[in-house]
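Per-entry structural report
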Amino acid sequence: MRNIIIGQSGGPTAVINASLYGIAMEAREQGVHAYGMVNGIEGFLEDHVVNLSDYSRMKDFDLLKTTPAAFLGSCRHKLPEDIDNAVYPILFKKFEDLEIDAVFYIGGNDSMDTVDKLSRAAKQFGSDICFVGVPKTIDNDLPVTDHTPGYGSTAKFVAATVRDIVWDAGVYEHPVVTIIELMGRNAGWVTAASMLARTSYEPNPMLIYLPEEFFDVTDFIRDVKAALKESNSVVVCVSEGIRDNTGRLVCEYEEESVKDQFGHKMLAGCAAVLERIVKRSIGCKCRSIELNLPQRCTSIMISATDSDEAEQAGRFALKNALMNSAETCGKMVIFKRSEGKPYHIDLEMIPVGEVCNKEKLFPEKWIINGNDISTEFLDYVRPLIQGENHIKFENGIPKIMKPVYNKNQSMR
């Protein structure tokens, strides 16, 4: 194998760069040259490419593992469904110009759709280029795999941040309701992690609502009133994608959402809507908090387990491509958890078609009465948040690598 190229796509995670590090370092150790797509497949179409092998030889390249966001930049570019579309010959010509033998694409559901289309196009064109998916998503909604890199760090951040909010909200004598909005369009894995904030002496967040269950405002007000009888401070955690039994999103109750390039509604604001409803219906003090981007981009709350597994996924992908590129093409790395304790995972490869355009929802068996989470979930999530990465600091803040995205010229 002569040359490989790596891209990052979709919403970043705290450990997406750990997977990039794993691929790049494994390539260096195996004597394979590595390029990087700047801003994913979209940037690659504009010839925005960097020489990752130069970066991998840098003294502080390990900083990449604790650098937030996507080092190479990202995109949300949807390739055409029709493999006969003119864009595919253009892409393969660019791959051939760089003498690329394998393409590694780090991303979530829509990114795996890109891997699937490119591998199908390779078969149609008779190309030997190997296309491999390396998973990432804080949403933890990729099917087949036990979990996805990025989720553990987000769960750790959510648990710690919600706990801090719980204690701050509880300092007042008078009744107060605090509504925290967390990411999750259709799957409630991120919001469920707020359960980790509870202690034996503090039940908050007392109410947790996921998009897997229909949301009813009347039931919500009833739940809040009942909780206020137990505590003067009630913390509620909600997924951004909660919707009623008609399919209408709560965030749309007062204004319409816009859509992204994939046709997904841009969700935000359901906590603010619920804040106004609580004030009108109950009359107590109420505030809403949207955690937004820090859930996925924070670099100081990285789970060491998450970071290590993300790097392993990258290294595993490259090793498999080197051993048998024909068998690895069109596949994605997954995690298989061993039964029992201690926690252990094995890495495997599956056809990306089993993953792309599919979702793994939060298990119904772990949802209680539509407003709470079973303690069984804790056995699943706790191993994923263990360990702390050693963060290097400079001038009092975390030291990171300068990202390479948003370049206007080729950097080959």
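Quantities reported herein were computed from a predicted structural model and do not represent experimental measurements.

This part is about the packing of aromatic side chains. In this structure the tally under the stated criterion is 20 aromatic pairs. Plain terms: the ring middles of Tyr151 and Trp189 are 6.2 Å apart, the flat faces sit at 80° to each other, and that makes the pair edge-to-face. On the criterion of sequence distance, the pair formed by Tyr151 in helix H6 (residues 151-169) and Trp189 in helix H7 (residues 189-192) is long-range, its members being 38 residues apart. For Trp189, a relative accessible area of 3% corresponds to the buried category. Arranged with centres 6.4 Å apart and planes meeting at 90°, the rings of Trp189 and Trp366 form a pair that is edge-to-face. Within this pair, whereas Trp189 is found in helix H7, its partner Trp366 is found in the loop between strand E11 (345-351) and strand E12 (367-368), the two being separated by 177 residues in sequence. By relative accessible area, which is 10% here, Trp366 ends up buried. Joined through ring pairs, the aromatic side chains of Tyr151, Trp189, Phe362, Trp366, Phe377 and Tyr380 make up one cluster. The ring centre of Tyr172 lies 4.7 Å from the NZ or CZ of Lys285, which sits over that ring. Positioned above the aromatic ring of Trp189 is the side chain of Lys360, whose terminal nitrogen or guanidinium carbon lies 5.2 Å from the ring centre.

A few words on the sheet that holds strand E2 (residues 33-37). Taken together, 7 strands build an open sheet; the order of strands is E3-E2-E1-E4-E5-E10-E11 and the sheet is mixed. Both outer strands of the open sheet, strand E3 (49-51) and E11, are each paired with one neighbouring strand and no more. Strand after strand, the sheet turns through a mean of 30° between neighbouring axes, direction not considered. Two elements, strand E1 (residues 3-8) and E2, share 4 bridges in a ladder whose sense is parallel. Residue Ile4 lies in a different strand from E2, and its bridge partner there is Ala34. Lying on the sheet, helix H5 (residues 109-125) is in contact with strand E4 (100-107), strand E5 (130-135) and strand E10 (331-337); it crosses E5 at an angle near 170°. Those strands touched by helix H11 (residues 304-323) are E1, E4, E5, E10 and E11, and its axis lies near 50° from that of E11.

Criteria and thresholds
Chains are numbered independently. Their residues run from 1 in the order of the written sequence. Where local features are concerned, this predicted model is filtered to residues with pLDDT of at least 70; where side-chain atom pairs are given and counted, the filter is 80 or more; whole-chain, interface and lining totals use all residues. With hydrogens and water stripped out, all remaining heavy atoms of the structure feed into the side-chain values. Only the six-membered ring of Trp is used, alongside the rings of Phe and Tyr, when aromatic pairs are assigned; centres must lie within 6.5 Å, and planes under 30 degrees apart are stacked while those over 60 apart are edge-to-face, with the rest tilted. Strands here are runs of E lasting at least two residues and helices are runs of H or I lasting at least four, both read from the DSSP assignment and numbered beginning at the N terminus. Only protein chains enter the accessibility calculation, which uses a 1.4 Å probe. A residue is then buried if its area is under 20% of the maximum for its type, exposed if over 50%, and partly exposed in between. Any Lys NZ or Arg CZ that is within 6 Å of a ring centre and within 35 degrees of that ring's normal is treated as a charge sitting over the ring. Strand pairing requires that DSSP identify at least two bridges connecting the strands. With axes taken as lines fitted to C-alpha atoms, and helix axes fitted only over the stretch in contact, angles between N-to-C directions fall between 0 and 180 degrees. When checking whether two residues touch, look at their non-hydrogen atoms; a contact exists if any pair is within 4.5 Å.

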